[in-house]
Amino acid sequence: MSSPPNGLSPHPIVQAPMAGGASCPALVGAVCEAGGLGFLAGGYKTADGMYHEIKQVRALTRRPFGVNLFMPQTGYVDPAAVEAYRGQLAGEASWYAISLAEDDIIGTSDDGYDAKLAILLEDPVPVVSFTFGCPTPEALAALRKAGTYTVVTVTSVDEARAAQAAGADAVCVQGVEAGGHQGTHRDDPQADGTAAVGLLALVAQVREAVALPIIAAGGLMRGSQIAALLAAGAVAAQLGTAFLACPESGADPLHKKALTDPLFVRTELTRAFSGRPARGLVNRFMREHGPYAPAAYPQVHHLTSGLRKAAAAAGDPQGMALWAGQGHRLARVLPAGQLVEVLAAELAEAQRALKDMQMRSAS
């Protein structure tokens, strides 16, 4: 069985960093203790909040774990487009009896990146990954000097080459099947629905383009899928949606239930909730507002935050951001540690079957 990069965990199974509460310390600790690599999501937290969760994980496990950071967003956001979308959402605000976020959301785009990076350099964790861009060579070198293994999320060959040039230790190759946000380095509205590549094809392309270890991510729910990606050249697989339904997950119970609810039959990429392409279960909010959502991240994320919280409080999944990968119907309600064990057993069985097939073919 292939091992994750740098020997970080016994099993080549990585629990994805899911911002918004799902990747809480309890989930990370349980995954690590079972032999996977758990990840905290640093996104949407303050630097102090992130550090508090790091301390909680350290109290739960002595095994390696990771922290994910969102790169600062530097693209231009049209304030008029955000205000127009505010008007589009006025009916939602009235329905849930709340007020939408104020105009100062236009300036919020760095997610406290510098403060979070400073904490991770001062008190290092085993792994740090990055989403929505590639850090500077200086930042990656500083983390390496601190003893931290670095991973950059990529969605194309060009992004993988940029990560290698900057000095990343590995890349997390994210296919279009993945739930939640697409980790593209540049948000290009002209590429919506056309530029994303499926995971298996993308892993093959990236493997031939760069020499970095590959962690494969995108819609993976079974050990047999992990085996296929390892055979294709990945060293580990990252799963998010598969861990959402676990009791340790911090996801809202309505979100967990929706993963296998027959009412939600498919997923789509949408800008409706955050202003950036993200895959979720198709619900009323996505259908009604997705076509009008501007390319304005994280401004739209902050604009809709109150609406999403109000919908959850009202028990209304039709107004929530139900992030999920394409394999969501295969979700299993198992404790996180047991899920890691089941995935590892499925992986081993698939690899044995492949080996037997190869031996029969050779004889």
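The structure under discussion appears in the preceding block.
Residues numbered from 1 in each chain as written. Predicted model: local features only at pLDDT ≥ 70, side-chain atom pairs only at ≥ 80, totals over all residues. Heavy atoms only, no water.

Asks: Any chance you could break down unusual backbone geometry for me, citing the residues and the numbers?
Replies: Note the cis peptide between Tyr-297 and Pro-298, where omega equals 5 degrees. One can find Pro-298 in the loop between helix H12 (284-289) and helix H13 (299-313). At Tyr-44, a position not held by glycine, the phi torsion is positive, near 70 degrees. Overall, the relative accessible area of 28% leaves Tyr-44 in the partly exposed class. One non-glycine residue, Phe-132, lies in the positive phi region at around 75 degrees. Mapping Phe-132 onto the fold places it in the loop between strand E4 (127-131) and helix H6 (137-145). Under the relative-accessibility criterion, Phe-132 is labelled buried at 2%. (Helix = DSSP H or I, 4+ residues; strand = E, 2+ residues; numbered from the N terminus. Buried < 20%, exposed > 50% of the residue type's maximum accessible area, 1.4 Å probe, protein only.)

Asks: Account for the packing of aromatic side chains, with residues named and values stated.
Replies: With the rule as written, the count across this model stands at five aromatic pairs. Relative to Trp-323, the ring of Phe-273 lies with its centre 5.7 Å away and its plane at 90 degrees, an arrangement referred to as edge-to-face. Here the residue Phe-273 occupies a position in the loop between strand E10 (267-270) and strand E11 (278-281), and Trp-323 occupies one in the loop between H13 and helix H14 (336-362), the gap between them amounting to 50 residues. Here Phe-273 matches Trp-323 in class, with each residue buried. Grouping aromatic residues by their ring pairs yields a cluster made of Tyr-44, Phe-70, Phe-132 and Tyr-297. (Phe/Tyr/Trp six-rings, centres within 6.5 Å; stacked < 30°, edge-to-face > 60°.)

Asks: Before we move on, can you summarise the environment of Ala-331 with the specific residues and values?
Replies: Here Ala-331 is to be found in the loop between H13 and H14. The sequence separation of Ala-331 and Met-221 amounts to 110 residues, and the corresponding C-alpha distance is 6.9 Å. For Ala-331, the contacting residues outside a window of four places in its chain are Met-221, Ala-245, Leu-259 and Thr-260. (Contact = heavy atoms within 4.5 Å.)

Asks: Please set out helix H9 (residues 223-231) residue by residue, giving values where relevant.
Replies: Since the α-helix advances by 3.6 residues per turn, residues separated by three or four positions end up pointing in the same direction. Of the positions making up H9, those classed as buried are Gly-223, Ile-226, Ala-227, Leu-229 and Leu-230. Considered in projection along H9, the buried side chains sweep an arc of 165 degrees and stay on one side of the axis. Of the surrounding secondary structure, the elements contacted by the buried residues of H9 are strand E1 (13-15), helix H8 (199-209), strand E8 (214-217), strand E9 (236-239) and H14. Positive phi shows up at Gly-233, right after H9, with a value of about 120 degrees. (Arc of directions from axis to C-beta.)

Asks: Could you give an account of H8, naming the residues involved and the relevant values?
Replies: The set of residues buried in H8 consists of Leu-199, Leu-202, Val-203 and Val-206. Along H8, the residues classed as buried sweep out an arc of 100 degrees about the axis, all on the same side. For H8, the exposed residues set more than 90 degrees away from the buried face come down to Leu-200 and Glu-208. In this structure, the buried side of H8 is in contact with helix H7 (157-166), strand E6 (170-174), E8 and H9.

Asks: Any details on the nonpolar core? Residues and values, ideally.
Replies: Of all hydrophobic cores here, the largest spans 99 residues; its most connected members are Val-67, Phe-130, Val-173, Val-206, Leu-239 and Phe-243. Considering each element in turn, this core owes the most residues, six residues, to H14. (Core = buried A, V, L, I, M, F, W, Y, C linked by side-chain atoms within 4.5 Å.)

Asks: Break down the pattern of salt bridges for me, with residues and values.
Replies: Between side chains of opposite charge, a pair can form when the charged atoms approach closely. This structure, assessed with the given rule, holds 13 salt bridges. Here Arg-284 ties to Glu-288 by a salt bridge, and the two come within 3.2 Å at their closest N and O atoms. Residue Arg-284 and its partner Glu-288 are both found in helix H12; the two are separated by four residues, about one turn of the helix. If you follow the salt bridges from partner to partner, you end up with Glu-92, Arg-284 and Glu-288 in one network. (Salt bridge = Lys/Arg side-chain N within 4 Å of Asp/Glu carboxyl O.)

Asks: Break down the pairing of E4 for me, with residues and values.
Replies: With five of its five residues buried, E4 lies for the most part within the structure. The side-chain alternation of E4 yields two buried faces, one formed by Val-127, Ser-129 and Thr-131 and the other by Val-128 and Phe-130. Inspection of the sheet shows strand E3 (residues 66-70) paired to E4 by five bridges, in the parallel sense. Looking at E4, one finds that Asn-68 is bridged to Ser-129. Of the strand pairs in this sheet, E4 and strand E5 (residues 149-154) are connected by four bridges, and their pairing is parallel. Opposite Val-128, over in E5, you have Thr-150 as the bridge partner. Tracing the backbone out of E4, into H6 and back to the parallel element E5 gives a crossover that is right-handed. (Pairing = 2+ DSSP bridges. Right-handed = clockwise from strand over helix to strand, strands pointing away.)

Fair warning: the whole summary comes from geometry, so function is off the table for now.
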